[in-house]
Amino acid sequence: MFEAKHMLVVGAGVSGSAAARIGRQFGAAVTLSDAKAEKDLKEDFAPLRAAGVRLVFGPQEERLLDGIDLVVVAPAVPVRIPLIQAAYRRGIRVISEVELAAELAQSPFYAVTGTNGKTTTVTLLGLLLQTKYGEEKTGVGGNIGVALSEEALRVGADGAIAAEISSYQMEATQHFHPHAAAVLNVTPDHILRHGSMEVYQAMKERLFREERAGDLVVLNYDDEKTRGMQARVPEGVRVCYFSRKEALAEGACLAGDTLVLRSGGEEVPLVTVGELGIKGPHNVENALAACALAYFAGCDPEKMREVLRSFHGVEHRIEYFATVDGVPYYNDSKATNTDSAIKALQTFEHIVLLAGGDDKMTDLTDFMALVKERVDALILIGDAALRFRDAACAAGFPEENIYAAGYSMPRAVELAHACAHAGEVVLLSPACASFDMYDGMAQRGRDFKRLVRALPHAVSEETAESGGEA
């Protein structure tokens, strides 16, 4: 496929490194370039060097393109950078790692995008697909932290691949063709990257634009923007809506408190909301979307029910992990925007909330209205703290219940422990990115959990499950 080709991979993170490995595996001469210095990157590049990959770090000059047949762009790299624009001008083919995966794949993709809920939905979808294809023949990759191209190769033929797709991954993607695609929601995010909400939404819609007759698009009926995407679905592609609020005649919805699938006049009941292992209204939506995709893939409803009851969510997304002095602690570090944080706030009442971080400068009106309604104490960290304080006060939240922790997670945990009482929950749901204090949201969430577990009388989830004090 790539034998005797000269490939330039731009961006040396998880996806870029995977693309470079695969290029060499298929006989290409590969250069891997990253604008950062090697010492500033976490990856171990020794195996790539040993495989014969040429590594170039630092300034990316246009001469990197000399003799290049194909450029593969990692998700973190905007296509507007001068090197990629020069590749377009030279007529060099530019693709994303997602497009590379599609060219390697022998099994169909079941792809999910959306501003929020992607990781939970794709993780659940992967487990549902395993009930039909087995673990070895089910792939889970993409924005979830596993290179999609490597999963496509690993699975081979006669399987299925659950793919989490971000707007970043679609910028350099032209012909990615999932067999089924779901768009969960579209709310303001990544506007700095894409330039406008319209472009951001267009990146999401690229997920289904290459579909054809026999394929499926799953859309959130309750979200006005996604519901309206039906008008741009290619002719002959089946559209399936899911809804938490409407009793749909066709699609995935609630019948009373039971998740059901309706098609052709038939109804397939799954589980009740109470039986569902993942909690909160947003997770009902995520489960409905995942079930629509899995049912389309031919999964057995009885086996799907078992998964829906046993799956309790993913790390960093409204993740219960410890109880301290009768107060449960939840890690929602994955809430890097206000819409995601709002979903966490809707899950609880009487909250001690830790929020703030690397400010995306999104509107705080709806978020702070819910803070006023459900939060007892607000602890603010990072760059966004001052703006969040002002917005909370403007919304009518009592200033005396706002606490400043600066850039210190230990101080934030100390304040939360001092504020929280039985009947409340402590929730880290920052509504911000993490880069003012951490390398990423996962590092932030794990630091929060480590500090909480070190508190006196802390009982972790693992201890409780093994017979310790609950």
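Just above, that's the structure.
All values reported here derive from a predicted model rather than from experimental measurement.

Calculation criteria
- Residues numbered from 1 in each chain as written.
- Predicted model: local features only at pLDDT ≥ 70, side-chain atom pairs only at ≥ 80, totals over all residues.
- Heavy atoms only, no water.
- 1 Å grid on protein atoms, 1.4 Å probe; cavity = no way out; pocket = protein on both sides within 12 Å on 5 of 7 lines; lining within 4 Å.
- Points joined across faces, edges and corners; volume = space filled by probe spheres on them.
- Helix = DSSP H or I, 4+ residues; strand = E, 2+ residues; numbered from the N terminus.
- Pairing = 2+ DSSP bridges.
- Axes fitted to C-alpha atoms, helices over the stretch in contact; angles between N-to-C directions.
- Salt bridge = Lys/Arg side-chain N within 4 Å of Asp/Glu carboxyl O.
- Nonpolar A, V, L, I, M, F, W, Y, C, P; charged D, E, K, R; others polar.
- Parallel < 35°, antiparallel > 145°, perpendicular 65-115°, else oblique.
- Left-handed = near helix turned anticlockwise from the far one by under 90°.
- Contact = heavy atoms within 4.5 Å.
- Buried < 20%, exposed > 50% of the residue type's maximum accessible area, 1.4 Å probe, protein only.
- Phe/Tyr/Trp six-rings, centres within 6.5 Å; stacked < 30°, edge-to-face > 60°.

## Overview of empty space enclosed by the protein
And then number 1: Tallied over the full model, the rule gives two cavities of 30 Å³ or more.
And then number 2: Quantified by volume, the largest cavity comes out at close to 40 Å³.
And then number 3: Taken together, Asn116, Gly117, Asn185, His282, Glu285, Asn286, Arg317 and Lys343 form the lining of the largest cavity.
And then number 4: Ranked by the residues each element gives to the lining of the largest cavity, the list is headed by helix H11 (residues 281-296), at three residues.

## Looking at the sheet that holds strand E20 (residues 425-428)
And then number 1: Pairing is mixed in the open sheet, where seven strands are placed in the order E19-E18-E17-E20-E16-E15-E21. Across the chains shown, the open sheet's two edge strands, defined by having one partner strand only, are strand E19 (402-404) and strand E21 (458-460). This sheet shows a mean twist of 20° between the axes of neighbouring strands, independent of strand direction.
And then number 2: One ladder, built from three bridges, connects strand E18 (residues 375-381) with E19; its direction is parallel. In the sheet register, Leu380 faces E19, and the bridge partner there is Ala404.

## Overview of the pattern of salt bridges
And then number 1: Under the definition given, this model contains 23 salt bridges.
And then number 2: What you see here is one network of salt bridges that share partners, running through Glu315, Glu319, Arg446 and Lys449.

## Considering the layout of surface pockets
And then number 1: Estimates place the volume of the second largest pocket at around 360 Å³.
And then number 2: Lining the second largest pocket are 16 residues, and of these His312, Ile318, Glu319, Tyr320 and Tyr330 lie nearest its centre.
And then number 3: By residue class, the composition of the lining of the second largest pocket is six nonpolar, five polar and five charged.

## Brief notes about the packing of helix H16 (residues 409-419) against helix H17 (residues 441-453)
For any two helices packed against each other, the geometry is given by the interaxial angle and the distance between the axes.
And then number 1: Relative to each other, H16 and H17 sit at 50°, their axes nearing to 10 Å. If you check the angle between H16 and H17, you find them oblique. Seen from above, H16 lies across H17 with right-handed handedness. Where H16 approaches H17, its residues Met409, Pro410 and Val413 are matched on the opposing element by Arg444, Asp447, Phe448, Leu451 and Val452.
And then number 2: Of the residues contributing to the contact of H16 with H17, the split by class is six nonpolar, no polar and two charged.

## Quick notes on the packing of helix H5 (residues 118-133) against helix H12 (residues 301-310)
And then number 1: Orientation of H5 relative to H12, taken along the N-to-C sense of each, is 145°, at an axis distance of 9 Å. Considering how the two elements wind past one another, H5 and H12 form a crossing that is right-handed. Contacts between H5 and H12 involve Leu124, Leu127, Leu128 and Thr131 from the first element and Lys303, Met304, Val307 and Leu308 from the second.

## Some remarks on the pairing of strand E9 (residues 180-183)
And then number 1: Neither face of E9 is open: one carries Ala180 and Ala182, the other Ala181 and Val183, and all of them are buried.
And then number 2: Here strand E6 (residues 109-113) runs beside E9; their pairing, made up of four bridges, is parallel. In the strand pairing of E9, Thr113 is matched with Val183.

## So, helix H4 (residues 97-104)
And then number 1: Most of H4 sits out of view: six of its eight residues are buried.
And then number 2: Taken together, the buried positions of H4 are Glu97, Val98, Glu99, Leu100, Ala101 and Leu104.
And then number 3: Those residues of H4 that are buried lie in contact with helix H1 (14-25), strand E4 (70-73), strand E5 (93-96), E6, helix H6 (148-155) and helix H7 (167-170).

## Notes on the sheet that holds E5
And then number 1: Strand order in the open sheet made by the five strands is E3-E2-E1-E4-E5, with parallel pairing throughout. Here the strands that pair on one side only, and so sit at the sheet edges, are strand E3 (54-57) and E5. When the angles between neighbouring strand axes are averaged without regard to direction, this sheet yields 20°.
And then number 2: By the bridge criterion, four bridges tie strand E2 (residues 29-34) to E3 in an arrangement that is parallel. Note on E3: the bridge partner recorded for Ser33 is Val56.
And then number 3: Contacts from H1 reach strand E1 (6-10), E2 and E4 within the one sheet, and its direction differs from that of E2 by about 170°.
And then number 4: Where H4 meets the sheet, it contacts E4 and E5, and its direction lies at approximately 90° from that of E5.

## Topic: the packing of aromatic side chains
And then number 1: Applying the stated criterion across every chain, the model contains eight aromatic pairs.
And then number 2: Judged by centre distance (5.2 Å) and plane angle (80°), the rings of Tyr221 and Tyr241 are edge-to-face. Taken together, the positions of Tyr221 in the loop between strand E10 (216-220) and helix H10 (224-227) and Tyr241 in strand E11 (residues 238-242) put the pair 20 residues apart, joining distant regions of the chain.
And then number 3: Owing to a relative accessible area of 29%, Tyr221 belongs among the partly exposed residues under this scheme.

## So, unusual backbone geometry
And then number 1: We note that Asp158 has phi near 65°; this positive angle belongs to a residue other than glycine.
And then number 2: Mapped onto the fold, Asp158 is located in the loop between H6 and strand E8 (160-164).
And then number 3: Residue class for Asp158 comes out exposed when judged on its relative accessible area of 68%.
And then number 4: You will see that His457, though not glycine, has its phi angle at about 70°, which is positive.
And then number 5: The exposed category is assigned to His457, whose relative accessible area is 60%.

## Points about the side chain of Asn286
And then number 1: As for its placement among the helices and strands, Asn286 is situated in helix H11.
And then number 2: Residue classification places Asn286 among the buried residues on the basis of a relative accessible area of 5%.
And then number 3: With sequence-adjacent residues up to four places away left out, Asn286 is seen in contact with Gly117, Thr120, Thr121 and Leu184.

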